[in-house]
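Given next are the chains, with one letter for each unit.
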Amino acid sequence: MKRNHYFLTFFLLLILQILFCNYLHLSLYVSLSILPVMILMLPIRFGTIFAMVLAFVSGLCVDFLSEGIIGINAFSLVPVAFLRTSIIDLIFGDEIFARKEDISIRKHGIVKMSVAIIAVQSIFLLLYIWIDGASTRPFWFNAARFFVSLVAGLLLSLALSKPLSTNDHDL
Amino acid sequence: MPKERKTSIVLLSIAIFILMEIASFCMLRNNGELQGIWAARMSHAVMAKAWGGSENLRHYLSLNKENEILANENARLNQILGQYQAVEAQRRSDSLTAGISLATGDYVFSPATIIKISRNKQHNYFIINKGLEDGIRPQSGIITNNGVIGIIDAVDKHYSYGLSFMNSGVSVSSRIGKEGAVGPLFWDGRSFDKAVLKEIPLQYKFASGDTVWTSGYSAIFPADIPLGVAGESRIVNGAVNEIEVQLFENFTALRYVTVVENIGRDEIINLEGIENQDSK
């Protein structure tokens, strides 16, 4: 039941991301992406390999249905999935894996959650902006785009982490 | 979970990660025009760095071979230069001094490597890696582009022993300036790069900074090999000048040298022998 809930929410948020990419163009400096938090909130019982495959497939879906440059989201998201367990271990501690409990704001607090979201968003945005710019844009533009996108992505991701969290839906 | 299983899962994760990144990168390159050009530029830059680095390493490792090639080329060019100088000298003698023959001799140049050299004695020597089988004969000279190194004293099948210029028993017939006075050049007995030019008559004018060359009057060394630069001078016995010479060659860093053999040397020595007998 928990698992179904997560993947249903994941699928809906994937559609939301596709809609963002196609219809929501706030500014040249804002690249809004909720894919990193979707991968971060994947239940702990799923290992790195599954996370990478899910990241690759969802990244390609977004690429095919919106971005126009096929491969850019997949390329940027797979490292997030690869480093997911290391980030969780670093920020939330390794007892999470021992107890096999999933991460949530309610259990671990908004501060730890924000740090984790910043970490995964940073990895994603660094790669995304680097590839998207392809050395044609100046450093200051890329830096500004990174920081603005990071703040926007953090706020949106914090809001969406609650529906994605399996712990917050315990009966 | 056993440690081996954990390690294999980690390795598998890394492999899948690399595969997925490569797959996404290939898709990016094929679908984005800008990204395709950028990827091509990046791969060219990486290849240039990698090939450049390996080429530098290969070049560094082949320096010995490069040096040998250069030494051989040096010897060949010295040979050609010697021939041109002989022709030039002949042409001058024909036009200016008809009836007087100039004995310039013919010189053969061969490259060699010094495999042992002594520097801290009063009678220093060296050994080169060429011998009888390479055509080396006793009383051949050893030179570099920077000056005279010594004279071959004994020859074996594959090696030759020579007396270094840094030897109190060795002197080189030298001229101060291209047409100046001639005298013997001796090692000063103390440093690695200084010598003394002796027996320069008082009436000959010279200046500090004049280049000292081989005179060509010895049966061993060809003329006009630069040896050093004249420095301070002093008068000895009220009759001759002794001039300090700063040598071009530094004997602490010798490796690749040229063996010079005067083909006409035997004839010159025979003539000198006949002349000495007649005068007696």
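Here goes a summary of the coordinates provided. The shown structure was predicted, so the numbers you read here are calculated from the model rather than taken from an experiment.

## Remarks on the overall build of chain A
Reasoning step 1: Along its length, chain A carries eight helices and zero strands.
Reasoning step 2: Tracing chain A from N to C terminus, the helices and strands come up as α-α-α-α-α-α-α-α.
Reasoning step 3: Expressed as a percentage of its 171 residues, the buried residues of chain A come to 56%.
Reasoning step 4: Sequence-distant contacts in chain A: of pairs separated by 6 or more residues, those separated by 24 or more amount to 72%.
Reasoning step 5: When the accessible surface of chain A is totalled, it reaches about 7,900 Å², and 70% of it is carbon and sulfur.

## Topic: the nonpolar core
Reasoning step 1: Counting 60 residues, the largest nonpolar core has M38, I39, L40, F92, I103 and M113 of chain A as the members making the most contacts within it.
Reasoning step 2: Where this core is concerned, the elements lending two or more residues are α1 (2-23), α2 (35-40), α3 (48-67), α4 (72-92), α7 (110-133) and α8 (139-164) of chain A together with α1 (3-31) of chain B.
Reasoning step 3: Setting aside residues up to four positions removed in sequence, M113 of chain A forms contacts with L40, M41, F92, I103, S104, I105, L158 and S161 of chain A.
Reasoning step 4: I152, W187, A230 and V259 of chain B belong to the second-largest nonpolar core, a separate cluster that totals 40 residues.

## Some words on the interface of chain B and chain A
Reasoning step 1: Facing 20 residues of chain B, the contacting portion of chain A comprises 22 residues.
Reasoning step 2: Carbon and sulfur atoms supply 79% of the area buried between chain B and chain A, which totals about 1,800 Å² over both sides.
Reasoning step 3: Looking at the side of chain B facing chain A, the largest losses of area belong to M20, L28 and W38 of chain B, adding up to 31% of the total buried there.
Reasoning step 4: Scanning the region where chain B abuts chain A turns up zero salt bridges.
Reasoning step 5: Where chain B packs against chain A, one counts three residue pairs in polar contact (both at pLDDT 80 or more).
Reasoning step 6: The dominant element in the side of chain B that touches chain A, judged by the number of residues it contributes, is α1 of chain B, at 14 residues.

Definitions and cut-offs
Each residue is numbered by its place in its chain's sequence as written, counting from 1. All chains are assigned letters beginning at A, and all ligands numbers beginning at 1, according to the order in which they are written. Under the rules for a predicted model, residues below a pLDDT of 70 receive no local features and side-chain atom pairs below 80 are neither given nor counted, while totals for whole chains, interfaces and linings still include all residues. Only hydrogens and water are set aside when side-chain values are computed; all heavy atoms of the structure are taken into account. By definition, any uninterrupted DSSP run of H or I lasting at least four residues is a helix, any uninterrupted run of E lasting at least two residues is a strand, and each is numbered from the N terminus. The buried label goes to any residue with under 20% of its type's maximum accessible area, the exposed label to any with over 50%, and the partly exposed label to all in between, with areas taken from a 1.4 Å probe on protein chains only. Here, two residues are considered to be in contact whenever any of their heavy atoms come within 4.5 Å of each other. Note that accessible areas follow from Shrake-Rupley with a 1.4 Å probe, and for residues the cover is restricted to the protein chains shown. Note on terminology: a nonpolar core comprises buried Ala, Val, Leu, Ile, Met, Phe, Trp, Tyr and Cys residues joined through side-chain atoms within 4.5 Å. As a working definition, buried area equals the accessible area (1.4 Å probe) given up by two parts on being put together, with both sides summed. What counts as a salt bridge is simple: a side-chain nitrogen of Lys or Arg found within 4 Å of a carboxyl oxygen of Asp or Glu. Any pair of nitrogen or oxygen atoms within 3.5 Å is treated as a polar contact; in protein, a donor-acceptor pairing is required on top of that, and neighbouring residues in sequence qualify only through side-chain atoms on both sides.

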